[in-house]
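# Fold and contact review
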Amino acid sequence: MIIMFVLMIFRDLSKSNYYRNQLIAAKNYAERLLAIKEQFLATMSHEIRTPLSAIIGFARQLGKAGLTQKQLELLKPVETSSEHLLHIVNDILDFSKMEAGKLTLESIPFNAFEVLQESVSTLRIKASEKKIGLELNASQEVCTTFVGDPFRLKQILLNLIGNAIKFTDSGFVQVRAEVASQQNGGTEKVELIIEVSDTGIGMSESELLTIFNDFTQADSGIARRFGGTGLGLAIVKRLVDMQNGNIQVESKPGVGTSFTISIPFSSSIVEQSLVPSTSLAPLGVPANLKVVVIDDDEMNRILVSETVKALGINPLTFADPFSALKHLSEYPCDIVLSDLQMPGLSGSELVAQLRKQAGPNRDVPVIAITANVLVSAKDLGFNGLLIKPFDEVKLSRVLRECLYGNNQKEKRKVSLVKKKEVKLATKPYDLSEIIRFSGSDSTATQLIVSTFIKNTQDNMLQLSKAILSNNFSSASAIAHRMKPTF
């Protein structure tokens, strides 16, 4: 019996060890699969986004080259199709970053109304093409400075408003925003509530139960008719949850859909750097800036150079990172734009050698240019990060952050709502700021001014009718809508 018990114990121990070894092997296999998946996503993002950035970038530059109307009509599908493909790739990559727990949120001051206005303006053309209305109504409290992640808020809005436009064939899409609660004190906690409603196809109660699931669309025919991956609302839900917010949806088939999100933000007095305003190129970057561009790919190098030139700056370009490193050891510059993946010497290795060598550029800001959305600039030793594709607006923002982020000696406290002293102009109007904003493009300047005049005339007509009919709530709404454009 003793021998039998000993044999049974040994048999149980051997089984336990066997299952333990099997679990360890399965765990190691799963970890290897996860690493392979992350590597695949990084490679895929780089391999797909790099040619896409070239297509979109050169299409934008070509559109500014004085083409005929017929050529512009042929160019537009190229740009919109590439942007659609890029949107799908971005959705998949954002979802993968969330799955891996690598998506981080910023905490910076931003104006909520500006984010709303930018989101609506971005999609207004799509609404006009479908001949449906797109309205934005925001309370006065929304026009203040919140502390949070404006990029992710804009991503949520673009997804919701874009979906509303996509699934609405007639009628309108309306965006409403208000601040629900506010606590007085040194630090204010506010809850931003945004409602996006439409008069589109709507959804049934059974469809509402699954719309936030991954890779899910309400109907199998939707993907064929409207396109998309079924990830947009899943990403919105996760982004709202990450910010401790809440999202609700109401819908009826054939009537329309309404999404309501509420996200808490902190609101307080913030520090802002004083950026020198003298000798600025378009979009607030110094015109005499010395920029060095390093990229082994000729097409990308030309595209980055053209984007820098759009800011009024003539960059110095290098195809070989070793030649660039030698130049930087001898001649001073203000900022370096370097590709991340280069043969012989990667971007991170270039930064490491630049920081070690004695010379005028030991502490120069270096911005990484890559199509890989899973990398972190700080981890690789860079001062900033530009994800392909990018335009001159994104480039100027990253340049300003690297040049003026925390290096200005003179700082001042500004309140949430800044009061500006009003001075009478010596001339009726001045277009210099608009010309600077449009990059000295006469066509863009004319479009901005003509659109402003037309919208103002339409709004003034509506305002007069509202006042004559004693409808002062409508008059107030129209005046509020006119204020930001002025």
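Please refer to the structure higher up on the page.
In this report, we go over the structure that sits alongside the text. (Residues numbered from 1 in each chain as written. Predicted model: local features only at pLDDT ≥ 70, side-chain atom pairs only at ≥ 80, totals over all residues. Heavy atoms only, no water.)

A word on the sheet that holds strand E12 (residues 316-318). The strand order across the open sheet built from five strands is E12-E11-E13-E14-E15, with neighbouring strands paired in parallel fashion. In the strand order of this sheet, the two ends are held by E12 and strand E15 (384-387), each with one partner. Taking the axes of each pair of neighbouring strands and ignoring which way they run, one obtains an average angle of 20 degrees across the sheet. Note that strand E11 (residues 291-294) and strand E13 (residues 335-339) share four bridges and pair parallel. For Val-293, the partnering residue across the bridge sits in E13 and is Leu-337. Against the sheet, helix H10 (residues 347-356) makes contact with E11, E13 and strand E14 (366-370), and its axis sits at roughly 170 degrees relative to E14, the strand it touches most. (Pairing = 2+ DSSP bridges. Helix = DSSP H or I, 4+ residues; strand = E, 2+ residues; numbered from the N terminus. Axes fitted to C-alpha atoms, helices over the stretch in contact; angles between N-to-C directions. Contact = heavy atoms within 4.5 Å.)

Side chains on a regular strand alternate between the two faces of the sheet. Extensive coverage of E14 is indicated by the burial of five of its five residues. Covered by surrounding structure in E14 are Val-366, Ala-368 and Thr-370 together with Ile-367 and Ile-369, the residues of both alternating faces. Relative to E14, E13 is paired through four bridges, and the arrangement is parallel. Looking across to E14, one finds that Ser-338 is bridged to Ala-368. Considered for its hand, the β-α-β crossover made up of E13, H10 and E14 is right-handed. Strand direction decides the pairing type here: E14 and E15, joined by four bridges, are parallel. Looking across to E15, one finds that Ala-368 is bridged to Leu-385. (Buried < 20%, exposed > 50% of the residue type's maximum accessible area, 1.4 Å probe, protein only. Right-handed = clockwise from strand over helix to strand, strands pointing away.)

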